[in-house]
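Chain by chain, the residues run as shown.
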Amino acid sequence: MPALVLLGAQWGDEGKGKATDLLGGSVDYVVRYQGGNNAGHTVVVGDQKYALHLLPSGILSPGCTPVIGNGVVVDPAVLLSELSGLNERGVDTSKLLLSGNAHLITPYNITVDKVTERFLGKRKIGTTGRGIGPTYADKINRVGIRVQDLYDESILTQKVEAALDVKNQLLTKLYNRRAIEAGQVVEELLGYAEQIKGYVADTTLVLNKALDDDKVVLFEGGQGTLLDIDHGTYPFVTSSNPTAGGACTGAGVGPTKINRVIGILKAYTTRVGAGPFPTELFDEDGEALRRIGGERGVTTGRDRRCGWFDAVIARYATRVNGLTDFFLTKLDVLTGWEQIPVCVAYEIDGKRVEELPYSQTDFHHAKPVYETLPGWSEDITKAKSFSDLPKNAQAYVKALEEMSGAPISAIGVGPGRDETIEINSFLS
Ligand code: IMP
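Residues numbered from 1 in each chain as written. Predicted model: local features only at pLDDT ≥ 70, side-chain atom pairs only at ≥ 80, totals over all residues. Heavy atoms only, no water.

Looking at an unreviewed UniProt entry, the protein chain carries the name Adenylosuccinate synthetase, with the source organism given as Streptomyces sioyaensis. If you open the UniProt record of the protein chain and go to Subcellular location (unreviewed entry), you find "Cytoplasm". Under the Pathway (unreviewed entry) heading, UniProt states for the protein chain: "Purine metabolism; AMP biosynthesis via de novo pathway; AMP from IMP: step 1/2." (UniProt positions renumbered as here; feature names shortened; annotations may be inferred.)

Structure, rendered in structure tokens:
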């Protein structure tokens, strides 16, 4: 069972770090295929807590080769500071591989991200401000800077000048900002070149050879299905494809090589930034989920919006990703509620709708139709198998599984590495 994709089934922050870490010991390669340092994985190893934004979580497993694929956008300053932060804590990062085709987040992409959001005012997306969208925009506009450009000064200079030609017009004439000097940007980027050089590789070749040799390769999605540029709640989305197909384009591996697609699904729902969210709670239940679940962004430090579980979204994630399994996380956060509402369908303009509407207008008008399931009060953090869970917790999991359209193969019952119930192995 060599190639698995692990991705967020909701709006991100489902607890992917824990899942990748659970598999870490048996996985030979962990690959990021999209996004950049807008992602936030918290991984707990023993009594140590690591917050990773750009690096694949496999960097914490000694036997594993972490890979940053061509589909990722890389801020070189962040890459070097995450690496040195880990080195200072004794983590060996020398195995990291970085695709020469990955695009670089340049200082002007970050500036454009921030000024665009400010310019949008009330209509802003609520981006992480890390330059992600503008860097992908440059990629598609064919004025992007790639990792490999760092090793040809003349090409790099030409490309930075070309990119800034238009941007400086925008910055000075529309946004009232100072122009950015191409020479300074080139100098800064060249300053990273030698430090990064040892990691740069033809990652597509490496990964396909690894798959031919029956190695276990894990493709780790950032963000989540509903933040996908094509399949998410556009325009309130990120600028890449966290959905399963993104693993193929963002790593250069054909779809015939992927064996399993695992959706990480939180036992309730959260979202960061703007955009529709039918089950969002504005009462003390929402406040309690936020407090008990520690729902504050790893990357931005912003409070997450919280709400009940939404089965319509889970079914949609099963569909657009071809999910084979779910990893249900944070079940322990729901301990103590007498009754737990679960959204089973939407009501849109007086009609009951079972599937996520493709129309943005309809989705904005969707009201959740709830079914209420009985809760449990027993501590579940020590549960090691499904049968250790209280009957009502078992019934909650089974109900979610039935509504969501794929088997729940693992359940997170606490933040620690070992606080997980494995039902079906992901590697069998
Ligand atoms: P961007 O990815 O910085 O362009 O932000 C676009 C949208 O995606 C905003 O609503 C962000 O809050 C959201 N977003 C980006 N990364 C994450 C993540 O890792 N978890 C949750 N939301 C995210």
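Next comes the rest of the account.
A. Seen up close, the site of the ligand. If you check the shell around the ligand, you find 16 residues, and the closest are Asp-13, Asn-38, Thr-128, Thr-238 and Arg-302. A distance of 3.3 Å separates an oxygen atom of the ligand from a polar backbone atom of Gly-126. Taking Thr-128, its side chain carries an N or O atom lying 2.5 Å from an oxygen atom of the ligand. Its free accessible area being 470 Å², the ligand has 97% of it covered by the protein chains. When grouped by side-chain class, the residues that make up the shell around the ligand number 6 nonpolar, 8 polar and 2 charged. The two domains that each donate at least three residues to the shell around the ligand are domain 1 (3–87 + 203–422) and domain 2 (103–198). (Near = heavy atom within 4 Å. Polar contact = N/O pair within 3.5 Å; in protein donor to acceptor, adjacent residues only side chain to side chain. Areas by Shrake-Rupley, 256 points an atom, 1.4 Å probe, with all protein chains shown as cover. Nonpolar A, V, L, I, M, F, W, Y, C, P; charged D, E, K, R; others polar. Domains from an automatic or database assignment.)

B. Quick peek at the state of the cysteines. For the coordinates displayed, the defined rule picks out 0 disulfides. Free of any disulfide, Cys-64 has its nearest neighbouring cysteine sulfur in Cys-248, separated by 19 Å. (Disulfide = S-S within 2.5 Å.)

C. Representation of a nonpolar patch on the surface in the model. On the surface, a nonpolar cluster with roughly 380 Å² of combined accessible area is contributed by Phe-119, Val-166, Leu-170 and Leu-174. Considering every element that reaches the nonpolar patch, the biggest residue donor is helix H5 (residues 153–174), with 3 residues. Looking at the secondary structure, you find Val-166 in helix H5. Owing to a relative accessible area of 56%, Val-166 belongs among the exposed residues under this scheme. (Patch = residues over 30% accessible without salt bridge, like charges linked within 9 Å, V, L, I, M, F, W, Y side chains within 5 Å. Salt bridge = Lys/Arg side-chain N within 4 Å of Asp/Glu carboxyl O. Helix = DSSP H or I, 4+ residues; strand = E, 2+ residues; numbered from the N terminus. Buried < 20%, exposed > 50% of the residue type's maximum accessible area, 1.4 Å probe, protein only.)

D. Representation of a positive patch on the surface within the structure. On the surface, a cluster of positive charge is contributed by Lys-114, Arg-118, Arg-177 and Arg-178. Looking at the secondary structure, you find Arg-178 in the loop between H5 and helix H6 (182–197). (Lys, Arg positive; Asp, Glu negative; His and termini not counted. Charge placed at Lys NZ, Arg CZ, Asp CG, Glu CD.)

E. Spotlight on the UniProt feature "binding site: substrate" (unreviewed entry) in the protein chain. Feature annotation in UniProt places "binding site: substrate" (unreviewed entry) on Val-298, Thr-299, Thr-300, Gly-301, Arg-302, Asp-303 and Arg-304, given in this structure's numbering. Within the secondary structure, Gly-301 sits in the loop between helix H9 (284–293) and strand S13 (305–307). A residue is classified by how much of its surface remains accessible, and Gly-301, at 33% relative accessible area, is partly exposed.

F. The arrangement of unusual backbone geometry in detail. Cis geometry marks the peptide bond from Tyr-234 to Pro-235; its omega dihedral reads 5°. Within the secondary structure layout, Pro-235 lies in the loop between strand S10 (217–220) and helix H8 (244–249). One non-glycine residue, Asp-13, adopts positive backbone phi at about 60°. Looking at the secondary structure, you find Asp-13 in the loop between strand S1 (3–8) and helix H1 (16–24). Overall, the relative accessible area of 24% leaves Asp-13 in the partly exposed class. Located in the positive-phi region is Lys-330, a residue other than glycine, with phi close to 60°.

G. Main features of the packing of aromatic side chains. This model, assessed by the stated rule, comprises 6 aromatic pairs. Seen from the ring of Phe-386, Lys-398 lies directly overhead, with NZ or CZ sitting 5.6 Å from the centre. (Phe/Tyr/Trp six-rings, centres within 6.5 Å; stacked < 30°, edge-to-face > 60°. Lys NZ or Arg CZ within 6 Å of the ring centre and 35° of its normal.)

H. Examining the pattern of salt bridges more closely. With the rule as written, the count across this model stands at 16 salt bridges. As a salt-bridge pair, Lys-398 and Glu-401 come within 3.0 Å of each other at their nearest N and O atoms. A residue pair is termed a helical-turn pair when its members lie 3 or 4 positions apart in one helix, as Lys-398 and Glu-401 do in helix H12 (residues 391–404) at 3 residues. Three or more residues are tied together by salt bridges with common partners; here these are Asp-13, Lys-266, Glu-295, Arg-304 and Lys-330.

I. Molecular detail of the pairing of strand S16 (residues 339–348). Most of S16 sits inside the fold, with 8 of its 10 residues counted as buried. Across 2 bridges, the pairing between strand S14 (residues 309–310) and S16 is parallel. Counted as the bridge partner of Asp-310 is Cys-343 from S16. Bridging between S16 and strand S18 (residues 367–374) involves 8 bridges; their strand directions are antiparallel. Residue pairing in the sheet places Pro-341 in a bridge with Thr-372 of S18. Alignment of S16 against strand S17 (residues 351–353), held across 3 bridges, turns out to be antiparallel. (Pairing = 2+ DSSP bridges.)

J. Summary view of the UniProt feature "active site" (unreviewed entry) in the protein chain. UniProt feature "active site" (unreviewed entry): in the numbering of this structure it lies at Asp-13, His-41 and Lys-139. Maximum C-alpha separation among the annotated residues is 25.9 Å over a sequence range of 127 residues, too wide for a single clustered spot. Contact partners of Asp-13, with chain neighbours within four places excluded, come to Lys-266, Thr-270, Val-272 and Arg-304. Inspection of the secondary structure puts Lys-139 in helix H4 (residues 132–140). Apart from the residues lying within four places of it in its own chain, the contact partners of Lys-139 are Asn-70, Gly-71, His-103 and Gly-144. (Contact = heavy atoms within 4.5 Å.)

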